[in-house]
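The lines below spell out each chain.
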Amino acid sequence: MFTPEELRIPLRGDGDQRSDVELLHRFATSVEEQSRRMAGFPVNLEFDYRPLAPFLSVHLNNAGSPGQASEYGLDSKPFEQAVTAFFAELAGGEPDEVFGHVAHGGTEANLFAAFVARERYPDGVLFASREAHYSMPKIARLLRVPYVAVDVDATGAMDLSALGREVGSRKAPAIVVATVGSTGRGAVDDIPGIRRTCSDAGVDEVYVHSDAAFGGPLAEFGQPRRPWSFPDGADSVSVSGHKIIGSPLPSSVVLVREVDADTIRRPGVAVGSDDDTIGGSRDALSPLLLWYALRGLGRTGFAARVRQCLEVTEHAVRRLAEAGRNPARFPGGNVVLFDRPDEQVMRAWHLLEVDGRAHLSVMPHVTTELVDRLCADLT
Ligand SMILES: Cc1ncc(COP(=O)(O)O)c(C=O)c1O
């Protein structure tokens, strides 16, 4: 849309940015136009944070521990704590036993959880399903933890008998990542089943991280509820901010047990505050955005938003079946795979390809009207 020459940064700025603002407005219009057909990626595009514009002309920084002001002093940590408290309650964690912060995205959240797990079990092996997020093998490499990709069943969820064989053959502590809403098919790994399987395989040192980046709220509020959280057997949980909630910036809330956070905490070294996160300087805007969105929704509004996604998913399955596209959906999920249309339609609707099929992700901005427009293009 722009040539590199148009965007090149000059040696000397002229201080008059009117034409740059005009160029950015053109870009914004094009992005807005494209987002009307965003149907493939699990991000919500329905939000409006413009009342928070004053925060674009100040530098807030949440460096250091979420519960302690740093020497920098300008932070949004009280808001970060309110957001993590909301998620800790949603995930059934005891307020005094859970330590949470807002990370810069799902990958960093998974890294943090795997980091504390590795500190608990330095000789542990990391197990995740073949359909787990691609960050998992990368994180294993970063942490130098042996990694095993476990086979999945026909629905895309971790195959527990395969897990049992893999865990049993190693006789090492098991760090298992349960994917709650896989990126490809929306499949949900069975956390209580994972615990049972490890125990049956004779391994009692087990850490389970629930990577609930986009499936946690669906698991909690769907009918029937699916296990995904602390009471279900998770030692840590992460849920993304830019997925079901929606935000212009990627973010993720990660919750671990306070006793595990203790093992990585270094007192006072982060600008006068404890260091118990991955980032040094930490995003202070995302906690404000998430707080603002959640204050508007409340728990009941959040649940209603999730149920709306599930209702629209049912509509999409019906309409795609009528269009002869053989839709398939993980039970209770918001991802629908269907027979792939031609390249032009794939691109126009930002559809991903999974197993040779097209991938629709029903996020809050995906309405029945948008589904109908997509199906009209398909036929
Ligand atoms: C299940 C799951 N985990 C982790 C991630 C990684 O999140 P991010 O892209 O914010 O790093 C994703 C992103 O799609 C995901 O679907």
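Residues numbered from 1 in each chain as written. Predicted model: local features only at pLDDT ≥ 70, side-chain atom pairs only at ≥ 80, totals over all residues. Heavy atoms only, no water.

Draft legend 1. The arrangement of the layout of surface pockets in detail. If you add up the space inside the largest pocket, you get close to 890 Å³. Forming the walls of the largest pocket are 22 residues, and the residues nearest its centre are Phe-47, Asp-48, Tyr-49, Arg-50 and Pro-248. Mapped by element, the contributors of at least two residues to the lining of the largest pocket are helix H2 (18-35) and helix H10 (285-322). The leading source of residues in the lining of the largest pocket is H2, at 5 residues. Across the lining of the largest pocket, the residue classes tally to 14 nonpolar, 4 polar and 4 charged. (1 Å grid on protein atoms, 1.4 Å probe; cavity = no way out; pocket = protein on both sides within 12 Å on 5 of 7 lines; lining within 4 Å. Points joined across faces, edges and corners; volume = space filled by probe spheres on them. Helix = DSSP H or I, 4+ residues; strand = E, 2+ residues; numbered from the N terminus. Nonpolar A, V, L, I, M, F, W, Y, C, P; charged D, E, K, R; others polar.)

Draft legend 2. Spatial organisation of the site of the ligand. Gly-105, Gly-106, Thr-107, Asn-110, His-133, Gly-181, Thr-183, Asp-211, Ala-213, His-242 and Lys-243 make up every residue found near the ligand. Between the ligand and the protein, one listed contact pairs an oxygen atom with a backbone N or O atom of Gly-106 at 2.8 Å. Within the side chain of Asp-211, a nitrogen or oxygen atom sits 2.6 Å from a nitrogen atom of the ligand. Its free accessible area being 390 Å², the ligand has 85% of it covered by the protein chains. (Near = heavy atom within 4 Å. Polar contact = N/O pair within 3.5 Å; in protein donor to acceptor, adjacent residues only side chain to side chain. Areas by Shrake-Rupley, 256 points an atom, 1.4 Å probe, with all protein chains shown as cover.)

Draft legend 3. Representation of the domain arrangement of the protein chain in the model. Assigned domains within the protein chain: domain 1 (4-46 + 299-378) and domain 2 (56-294). Here domain 1 and domain 2 have C-alpha centroids that lie 26 Å from each other. In this assembly, 22 residues from domain 1 lie in contact with 26 residues from domain 2. For the pair domain 1 and domain 2, the summed buried surface comes to about 2100 Å²; carbon and sulfur atoms form 67% of the total. The largest share of the area that domain 1 buries against domain 2 comes from Arg-299, Phe-302 and Phe-330, three residues that together contribute 37% of it. (Domains from an automatic or database assignment. Contact = heavy atoms within 4.5 Å. Buried area = accessible area lost by both parts, 1.4 Å probe.)

Draft legend 4. How the structure looks around the sheet that holds strand S13 (residues 357-361). Judged by pairing direction, the sheet is antiparallel, and its 4 strands sit side by side in the order S10-S11-S13-S12 without closing on themselves. Both edges of this open sheet fall to strand S10 (328-329) and strand S12 (352-354), since each of them pairs with a single strand only. With 2 bridges connecting them, S10 and strand S11 (residues 335-338) associate as antiparallel partners. Residue pairing in the sheet places Ala-328 in a bridge with Leu-337 of S11. (Pairing = 2+ DSSP bridges.)

Draft legend 5. Fine view of the sheet that holds strand S3 (residues 147-150). With mixed pairing, 7 strands are arranged side by side in an open sheet as S1-S7-S6-S5-S4-S2-S3. Each edge of the open sheet carries a strand with a single partner, namely strand S1 (98-103) and S3. Taking the axes of each pair of neighbouring strands and ignoring which way they run, one obtains an average angle of 20° across the sheet. Relative to strand S6 (residues 236-240), strand S5 (residues 206-211) runs parallel, the two being bridged by 3 bridges. The partner of His-209 across the bridge, within S6, is Ser-236. Each of strand S2 (125-129), S3 and strand S4 (174-179) is contacted by helix H6 (residues 160-170), which is oriented at about 170° to S2, the strand it contacts most. Set on the sheet, helix H7 (residues 191-200) makes contact with S4 and S5; between it and S5 the angle comes to about 160°. (Axes fitted to C-alpha atoms, helices over the stretch in contact; angles between N-to-C directions.)

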